[in-house]
Amino acid sequence: MPEIQAFRGVRYDLGHVGSLSDVIAPPYDVIDAALQDRLYKQHPANVIRLILNREEPGDNDSQNRYSRAARFLKNWRGEGVLFTESDPAVYVYHQKFDYGGQTFTRRGFMARIRLQRFGQGNIFPHEETMSGPKLDRLLLTRACKANLSQIFGLYPDSESEAQNLLEQAIVGKAPLSATDHLGVEHHLWPVYDEKVITALNAAVGPKPTFIADGHHRYETACNYREELSAGGELPSNHPANFVLM
(Lines give C-alpha, C1' and ligand atoms only; values in the text may rest on other atoms or scores of the structure.)
Protein backbone atom coordinates (compact mmCIF):
# COMPACT_ATOMS: atom_id res chain seq x y z
CA MET A 1 0.00 0.00 0.00
CA PRO A 2 1.36 3.47 -0.75
CA GLU A 3 1.84 6.19 1.82
CA ILE A 4 -1.18 7.20 3.86
CA GLN A 5 -1.43 10.35 5.93
CA ALA A 6 -3.76 12.02 8.37
CA PHE A 7 -5.49 15.11 7.03
CA ARG A 8 -7.58 18.02 8.26
CA GLY A 9 -11.07 17.02 7.18
CA VAL A 10 -13.84 19.46 6.29
CA ARG A 11 -16.94 18.54 8.29
CA TYR A 12 -20.47 19.74 8.89
CA ASP A 13 -21.14 21.81 12.00
CA LEU A 14 -24.03 20.06 13.71
CA GLY A 15 -25.13 23.36 15.22
CA HIS A 16 -25.91 24.56 11.70
CA VAL A 17 -27.33 21.46 10.03
CA GLY A 18 -28.92 19.60 12.94
CA SER A 19 -28.79 15.97 11.84
CA LEU A 20 -26.05 14.52 9.64
CA SER A 21 -28.66 12.16 8.21
CA ASP A 22 -30.20 15.12 6.39
CA VAL A 23 -27.02 16.24 4.63
CA ILE A 24 -25.36 13.01 3.46
CA ALA A 25 -25.65 11.41 0.00
CA PRO A 26 -24.38 8.24 -1.68
CA PRO A 27 -21.64 8.36 -4.36
CA TYR A 28 -22.63 10.57 -7.28
CA ASP A 29 -22.72 7.78 -9.84
CA VAL A 30 -25.55 5.86 -8.15
CA ILE A 31 -27.82 8.91 -7.83
CA ASP A 32 -30.66 9.09 -10.36
CA ALA A 33 -32.82 12.15 -11.03
CA ALA A 34 -35.48 11.14 -8.49
CA LEU A 35 -32.97 10.66 -5.68
CA GLN A 36 -31.17 13.87 -6.64
CA ASP A 37 -34.44 15.77 -6.30
CA ARG A 38 -35.21 14.08 -2.99
CA LEU A 39 -31.81 15.02 -1.58
CA TYR A 40 -32.17 18.61 -2.79
CA LYS A 41 -35.42 18.89 -0.86
CA GLN A 42 -34.13 17.09 2.20
CA HIS A 43 -31.87 19.92 3.41
CA PRO A 44 -30.54 23.17 1.89
CA ALA A 45 -27.00 22.11 2.79
CA ASN A 46 -27.19 18.52 1.55
CA VAL A 47 -23.88 17.52 -0.04
CA ILE A 48 -25.73 16.69 -3.27
CA ARG A 49 -25.28 20.38 -4.17
CA LEU A 50 -21.53 19.78 -4.19
CA ILE A 51 -21.08 16.30 -5.62
CA LEU A 52 -23.92 16.35 -8.18
CA ASN A 53 -25.31 19.83 -8.64
CA ARG A 54 -28.20 19.77 -11.07
CA GLU A 55 -28.27 21.51 -14.42
CA GLU A 56 -30.28 24.74 -14.61
CA PRO A 57 -31.77 26.73 -17.51
CA GLY A 58 -29.29 29.25 -18.86
CA ASP A 59 -26.17 27.30 -17.90
CA ASN A 60 -23.11 28.19 -19.95
CA ASP A 61 -19.34 27.70 -19.91
CA SER A 62 -18.80 30.04 -16.96
CA GLN A 63 -22.03 29.65 -14.98
CA ASN A 64 -23.01 26.03 -14.55
CA ARG A 65 -23.41 23.20 -12.07
CA TYR A 66 -19.67 23.13 -11.37
CA SER A 67 -19.45 26.85 -10.60
CA ARG A 68 -22.55 26.54 -8.41
CA ALA A 69 -20.97 23.67 -6.47
CA ALA A 70 -17.86 25.80 -5.91
CA ARG A 71 -20.00 28.72 -4.74
CA PHE A 72 -21.93 26.52 -2.29
CA LEU A 73 -18.67 25.14 -0.91
CA LYS A 74 -17.20 28.63 -0.45
CA ASN A 75 -20.37 30.02 1.11
CA TRP A 76 -20.89 27.09 3.48
CA ARG A 77 -17.33 27.39 4.72
CA GLY A 78 -17.70 31.13 5.15
CA GLU A 79 -21.02 30.79 6.98
CA GLY A 80 -19.74 28.05 9.31
CA VAL A 81 -21.96 25.32 7.89
CA LEU A 82 -18.69 23.52 7.17
CA PHE A 83 -15.52 23.81 9.23
CA THR A 84 -11.98 22.49 8.83
CA GLU A 85 -10.66 20.14 11.48
CA SER A 86 -8.09 21.88 13.69
CA ASP A 87 -5.71 18.89 13.71
CA PRO A 88 -4.92 16.17 11.16
CA ALA A 89 -6.78 12.92 11.73
CA VAL A 90 -7.60 9.58 10.21
CA TYR A 91 -11.26 8.67 10.48
CA VAL A 92 -12.49 5.29 11.66
CA TYR A 93 -15.60 4.45 9.65
CA HIS A 94 -18.27 1.80 10.31
CA GLN A 95 -21.26 0.95 8.13
CA LYS A 96 -24.01 -1.12 9.77
CA PHE A 97 -26.58 -2.75 7.51
CA ASP A 98 -28.94 -5.71 7.17
CA TYR A 99 -28.60 -8.33 4.47
CA GLY A 100 -30.20 -11.75 4.12
CA GLY A 101 -31.79 -11.52 7.55
CA GLN A 102 -28.49 -10.73 9.30
CA THR A 103 -26.91 -7.51 10.54
CA PHE A 104 -23.37 -6.75 9.40
CA THR A 105 -20.85 -4.05 10.31
CA ARG A 106 -18.23 -3.16 7.72
CA ARG A 107 -15.22 -1.49 9.32
CA GLY A 108 -12.61 0.67 7.68
CA PHE A 109 -10.93 4.03 7.87
CA MET A 110 -10.47 7.18 5.81
CA ALA A 111 -7.09 8.77 5.16
CA ARG A 112 -5.39 10.62 2.37
CA ILE A 113 -3.27 8.39 0.16
CA ARG A 114 -0.38 9.39 -2.07
CA LEU A 115 -1.37 9.03 -5.70
CA GLN A 116 0.23 6.46 -7.98
CA ARG A 117 -0.67 5.89 -11.59
CA PHE A 118 -2.01 2.40 -12.24
CA GLY A 119 0.90 0.17 -13.22
CA GLN A 120 3.46 2.34 -11.43
CA GLY A 121 3.01 1.21 -7.85
CA ASN A 122 0.84 -1.04 -5.72
CA ILE A 123 -2.60 0.51 -6.21
CA PHE A 124 -4.56 -1.67 -8.61
CA PRO A 125 -7.80 -1.22 -10.60
CA HIS A 126 -10.27 -3.90 -11.59
CA GLU A 127 -12.27 -2.14 -14.29
CA GLU A 128 -11.86 0.14 -17.29
CA THR A 129 -12.78 3.82 -17.11
CA MET A 130 -14.55 6.15 -19.56
CA SER A 131 -13.57 9.65 -20.64
CA GLY A 132 -16.98 11.27 -19.98
CA PRO A 133 -17.17 10.64 -16.22
CA LYS A 134 -13.50 11.59 -15.81
CA LEU A 135 -14.07 14.93 -17.55
CA ASP A 136 -17.14 15.53 -15.39
CA ARG A 137 -15.19 14.91 -12.17
CA LEU A 138 -12.22 16.95 -13.44
CA LEU A 139 -14.44 19.97 -14.13
CA LEU A 140 -15.84 19.66 -10.60
CA THR A 141 -12.37 19.35 -9.08
CA ARG A 142 -11.09 22.36 -11.01
CA ALA A 143 -14.02 24.46 -9.83
CA CYS A 144 -14.03 23.42 -6.17
CA LYS A 145 -10.33 22.67 -5.65
CA ALA A 146 -11.45 20.04 -3.19
CA ASN A 147 -11.72 16.28 -2.79
CA LEU A 148 -15.45 15.82 -2.22
CA SER A 149 -15.91 12.05 -2.40
CA GLN A 150 -13.62 9.30 -1.17
CA ILE A 151 -12.34 6.27 -3.07
CA PHE A 152 -13.21 2.82 -1.70
CA GLY A 153 -10.09 0.66 -1.47
CA LEU A 154 -9.50 -2.87 -0.21
CA TYR A 155 -6.26 -4.27 1.22
CA PRO A 156 -5.34 -7.72 2.54
CA ASP A 157 -5.06 -7.98 6.33
CA SER A 158 -6.16 -11.41 7.50
CA GLU A 159 -5.37 -10.60 11.14
CA SER A 160 -7.09 -7.16 11.02
CA GLU A 161 -3.92 -5.63 12.45
CA ALA A 162 -4.61 -2.17 11.04
CA GLN A 163 -8.27 -2.05 12.00
CA ASN A 164 -7.60 -3.40 15.49
CA LEU A 165 -5.23 -0.50 16.14
CA LEU A 166 -7.99 1.91 15.22
CA GLU A 167 -10.72 0.10 17.13
CA GLN A 168 -8.62 0.32 20.29
CA ALA A 169 -8.17 4.05 19.73
CA ILE A 170 -11.93 4.74 19.72
CA VAL A 171 -13.01 2.61 22.69
CA GLY A 172 -15.44 4.61 24.80
CA LYS A 173 -15.70 7.49 22.34
CA ALA A 174 -19.01 8.56 20.83
CA PRO A 175 -19.16 8.58 17.02
CA LEU A 176 -20.61 11.03 14.55
CA SER A 177 -23.60 9.14 13.17
CA ALA A 178 -26.00 9.30 10.25
CA THR A 179 -28.53 7.00 8.59
CA ASP A 180 -28.88 7.11 4.81
CA HIS A 181 -31.86 6.69 2.49
CA LEU A 182 -31.38 2.90 2.44
CA GLY A 183 -31.34 2.60 6.21
CA VAL A 184 -27.58 2.01 6.42
CA GLU A 185 -26.06 3.43 9.62
CA HIS A 186 -22.78 5.32 9.20
CA HIS A 187 -20.50 5.98 12.18
CA LEU A 188 -17.33 8.09 12.13
CA TRP A 189 -14.61 8.73 14.72
CA PRO A 190 -11.68 11.12 14.16
CA VAL A 191 -8.38 9.73 15.49
CA TYR A 192 -5.71 12.38 16.11
CA ASP A 193 -3.12 10.32 18.03
CA GLU A 194 0.15 10.48 16.05
CA LYS A 195 1.40 7.22 17.55
CA VAL A 196 -1.70 5.37 16.35
CA ILE A 197 -1.39 6.91 12.88
CA THR A 198 2.30 5.97 12.67
CA ALA A 199 1.50 2.38 13.71
CA LEU A 200 -1.33 2.29 11.17
CA ASN A 201 1.03 3.33 8.39
CA ALA A 202 3.48 0.60 9.39
CA ALA A 203 0.69 -1.99 9.41
CA VAL A 204 -0.65 -1.21 5.94
CA GLY A 205 2.53 0.09 4.28
CA PRO A 206 3.71 -3.17 2.65
CA LYS A 207 0.23 -4.15 1.45
CA PRO A 208 -1.31 -3.60 -2.00
CA THR A 209 -4.56 -1.70 -2.41
CA PHE A 210 -7.32 -2.69 -4.82
CA ILE A 211 -9.87 -0.08 -5.82
CA ALA A 212 -13.36 -1.45 -5.24
CA ASP A 213 -15.18 1.75 -6.25
CA GLY A 214 -14.08 5.14 -7.49
CA HIS A 215 -11.85 4.36 -10.49
CA HIS A 216 -12.97 7.50 -12.33
CA ARG A 217 -12.42 9.68 -9.27
CA TYR A 218 -8.98 8.15 -8.69
CA GLU A 219 -7.82 8.68 -12.26
CA THR A 220 -9.27 12.20 -12.15
CA ALA A 221 -7.18 12.95 -9.06
CA CYS A 222 -4.08 11.81 -10.98
CA ASN A 223 -5.06 13.94 -13.98
CA TYR A 224 -5.67 16.98 -11.78
CA ARG A 225 -2.27 16.57 -10.12
CA GLU A 226 -0.57 16.44 -13.51
CA GLU A 227 -2.58 19.43 -14.73
CA LEU A 228 -1.41 21.50 -11.77
CA SER A 229 2.21 20.38 -12.10
CA ALA A 230 2.27 21.39 -15.81
CA GLY A 231 4.70 18.63 -16.68
CA GLY A 232 6.87 19.09 -13.61
CA GLU A 233 6.44 17.97 -10.03
CA LEU A 234 4.46 19.54 -7.22
CA PRO A 235 6.03 19.96 -3.78
CA SER A 236 5.97 16.57 -2.06
CA ASN A 237 3.26 17.47 0.45
CA HIS A 238 1.06 19.42 -1.96
CA PRO A 239 -2.55 18.28 -1.35
CA ALA A 240 -3.03 17.43 -5.04
CA ASN A 241 -0.50 14.62 -4.61
CA PHE A 242 -3.09 12.80 -2.50
CA VAL A 243 -6.67 11.59 -2.69
CA LEU A 244 -9.16 10.71 0.04
CA MET A 245 -9.62 6.95 0.30
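Whatever comes next refers back to the structure up there.
Remember, it's a predicted structure, so these values are computed and weren't measured experimentally. (Residues numbered from 1 in each chain as written. Predicted model: local features only at pLDDT ≥ 70, side-chain atom pairs only at ≥ 80, totals over all residues. Heavy atoms only, no water.)

**Q** I'd like to hear about the packing of aromatic side chains, residue by residue, with values.
**A** Under the definition given, this model contains six aromatic pairs. Ring geometry for Phe97 versus Phe104: centroids 5.9 Å apart, planes at 25°, classification stacked. Overall, the relative accessible area of 28% leaves Phe97 in the partly exposed class. On the basis of an interplanar angle of 65° and a centroid distance of 6.2 Å, the ring pair of Phe109 and Tyr155 is categorised as edge-to-face. Remark: Tyr155 occurs in the loop between strand E8 (152-154) and helix H6 (161-169) and Phe109 occurs in strand E5 (residues 102-110); sequence separation between them is 46 residues. (Phe/Tyr/Trp six-rings, centres within 6.5 Å; stacked < 30°, edge-to-face > 60°. Buried < 20%, exposed > 50% of the residue type's maximum accessible area, 1.4 Å probe, protein only. Helix = DSSP H or I, 4+ residues; strand = E, 2+ residues; numbered from the N terminus.)

**Q** So what's going on with the sheet that holds strand E10 (residues 185-191)? Residues and values would help.
**A** Taken together, four strands build an open sheet; the order of strands is E5-E4-E10-E9 and the sheet is antiparallel. Strand pairing shows two members of the sheet lacking a second neighbour, E5 and strand E9 (176-179), which therefore form its edges. Shown here is a sheet whose adjacent strand axes are inclined to one another by a mean of 20°, direction ignored. Pairing between strand E4 (residues 90-99) and E10: seven bridges, direction antiparallel. When the bridges of E10 are listed, Tyr91 appears paired with Pro190. Along the sheet, H6 makes contact with E4, E5 and E10, crossing E4 at roughly 100°. (Pairing = 2+ DSSP bridges. Axes fitted to C-alpha atoms, helices over the stretch in contact; angles between N-to-C directions. Contact = heavy atoms within 4.5 Å.)

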